[in-house]
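Geometric and topological summary
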Amino acid sequence: MYSGPVIDCDVHHARSSDAELIPYLSRGWREYVTDRGRAGSVPLTVQDGFPNPHGFMRADTYPDGGGEPGSDYLTMQAQLLDARDVRRAILTFGDDSHLAGHHNPYFATELARACNDWSIDRWLTQDARLLSSIMVGSQLPDLAAAEVRRHAANPRMVQVMLVDNPFNYGFGHPVFHPIYAAAEETGKPVAIHGGAGGWANPPSTGGGSVNTYFETHVLWPQAIQTHLVSFIAHGVFEKYPTLKVVLIEGGSAWIPSLLWRFDTEYKGLRREVPWLKRLPSEYFAEHVWASSQPLEISPKREHVIDLIRSMQLEDKLVYSSDYPHWDADEIEYLSTRLPAEWHSRLFFENACRLYGWKADELKKPAAVVQSAK
Amino acid sequence: MVDVGPVADFEERHFRIVMAGDHEVGVLRWQDRFFAVHNRCPHQKGPLCLGVVSGRLHGSAPGSMEVDDETPVIACPWHGWEFDLERGRALWEEGYAVKVVPVQIKEGRVLLEIGKRTA
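Report follows, based on the coordinates. (Residues numbered from 1 in each chain as written. Chains lettered and ligands numbered in written order. Predicted model: local features only at pLDDT ≥ 70, side-chain atom pairs only at ≥ 80, totals over all residues. Heavy atoms only, no water.)

1. Regarding the sheet that holds strand β7 (residues 288-291) of chain A
Strand order in this open sheet of eight strands is β1-β2-β3-β4-β5-β6-β7-β8 (chain A), and the pairing throughout is parallel. In the strand order of this sheet, the two ends are held by β1 (6-11) and β8 (317-318) of chain A, each with one partner. (Pairing = 2+ DSSP bridges. Helix = DSSP H or I, 4+ residues; strand = E, 2+ residues; numbered from the N terminus.)

In structure tokens, the structure reads:
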């Protein structure tokens, strides 16, 4: 089993109640949310989604002292950060990650700002290994870009995260470009996280909506595929040549077949996108990473390995546990499914390349705390 | 050399298919220059020169659509794969190409240099 240093690129931190976030809203928005008398507060999270028959969390991740999984630092520290040699863990929020699914764009923008401040205040101060995603209300891209720039000087706010889709256009559409301009300018990758199914309009499945969590979970890669194709076709990487993108929780075994098809289609349909200068797979190779979870389980171990190897994805996969969710991938488990010669890249080095960290320095325990501050 | 007819017989921007040796060759007049390629797409052997001829479309930025009329491009009628007629190269990969036949104009006649290797 792999026992070296680990960077975990998808850790869902959560809050136990709305009361935890409300202090981070502006005074006006606090009034808006709370001043409803017996009606209670305005819900802060998008009220939609498919129920999971098991619940969405590992049963053992509920903190002993109460609260939601992912909401208690000490529980996370014991179960995740100290359980392995975790050098860095990137926080990706819980239900708040769906804030771009809110109908009210101004509320979403304010929630994004508040969530980011909450993340810094409540989490990044607890442990130097923790880093946070930046949530944005992508309904208002200019304000979303301003939120990204607000964190420009904070190296622990490491990426801009997109989940729900407010516009019914792939994320490569120019309406989203102000966000990418800010991401490139601040040197922060864009993370596209799967799982908008049921929380947003449009549905995250091609061809129509599905009806069970089972279906939507099988089809999570579809939305990510849409955004990946959209990013490349719209020339986002021509316009923002140093931008990096990481696809989170969409798996990876589909990537080769999509890129093979994408390259072939480009040969016949280049006239429609003449601003592209290279094959789609070449843009992918330079700009795109993918998280490992959930690793597809092929009946024979070598089948998924062959697929990953066919596009050299062993150099682009970054480990993600998805803690504390029910479908999380354990390091022990991945170690048995993927070749040992890939482990140091998968669990550590690829993420260093993605986020621009010096692997040699980060391997030194003393340097972890200093460089993360 | 294979004489494929007088210059005046070639309509601007239209391929004319001729037999040259054992091969069908498409001959194109483009802004009073002549280009010739094998009428056989390297992809799936489609009749390449029955496709659409145009200038080379390019975009200096996402969303822009510009045309370079200096360089004619043929798009195969079967799958739309495009080739630069100057060198025969696919627009997405220089190493992938259709065979080009050098053309000479002498005394008002169009002559194909069959068998001559091109760059």
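Having seen the model, we can carry on.
2. Here's the deal with the interface of chain A and chain B
Of the residues lining the interface, 14 residues belong to chain A; the matching set on chain B comes to 15 residues. Our enumeration of links across chain A and chain B arrives at two salt bridges. Across the pair E82 of chain B and R271 of chain A runs a salt bridge, and its minimum N-O distance is 3.6 Å. Our count for the chain A to chain B interface comes out at five residue pairs in polar contact (both at pLDDT 80 or more). For the side of chain A that touches chain B, the element with the highest residue contribution is helix α10 (residues 255-269) of chain A, accounting for four residues. (Contact = heavy atoms within 4.5 Å. Salt bridge = Lys/Arg side-chain N within 4 Å of Asp/Glu carboxyl O. Polar contact = N/O pair within 3.5 Å; in protein donor to acceptor, adjacent residues only side chain to side chain.)

3. Thoughts on the sheet that holds strand β2 (residues 15-20) of chain B
Residues and elements named next belong to chain B. Read across the sheet, three strands follow the order β2-β3-β4 without closing on themselves; strand pairing throughout is antiparallel. Edge positions in the sheet fall to β2 and β4 (33-38), since each of these pairs with one other strand and no more. Averaged over all pairs of adjacent strands, the angle between strand axes in this sheet comes to 30 degrees, irrespective of strand direction. (Axes fitted to C-alpha atoms, helices over the stretch in contact; angles between N-to-C directions.)

4. Points about unusual backbone geometry
Q293 of chain A connects to P294 of chain A through a cis peptide bond whose omega is -5 degrees. Take P294 of chain A: it is sitting in the loop between β7 and α12 (301-310). Look at the link from Y323 of chain A to P324 of chain A: it is a cis peptide, with omega at 0 degrees. Relative to the elements of secondary structure, P324 of chain A occurs in the loop between β8 and α13 (331-337). Positive phi, normally seen in glycine, also occurs at K45 of chain B, with a value near 65 degrees. With respect to the secondary-structure elements, K45 of chain B resides in the loop between β4 and β5 (52-58). Of the residues examined, K45 of chain B reaches a relative accessible area of 45% and is grouped as partly exposed. In this structure, E107 of chain B takes a positive phi of about 50 degrees despite not being glycine. (Buried < 20%, exposed > 50% of the residue type's maximum accessible area, 1.4 Å probe, protein only.)

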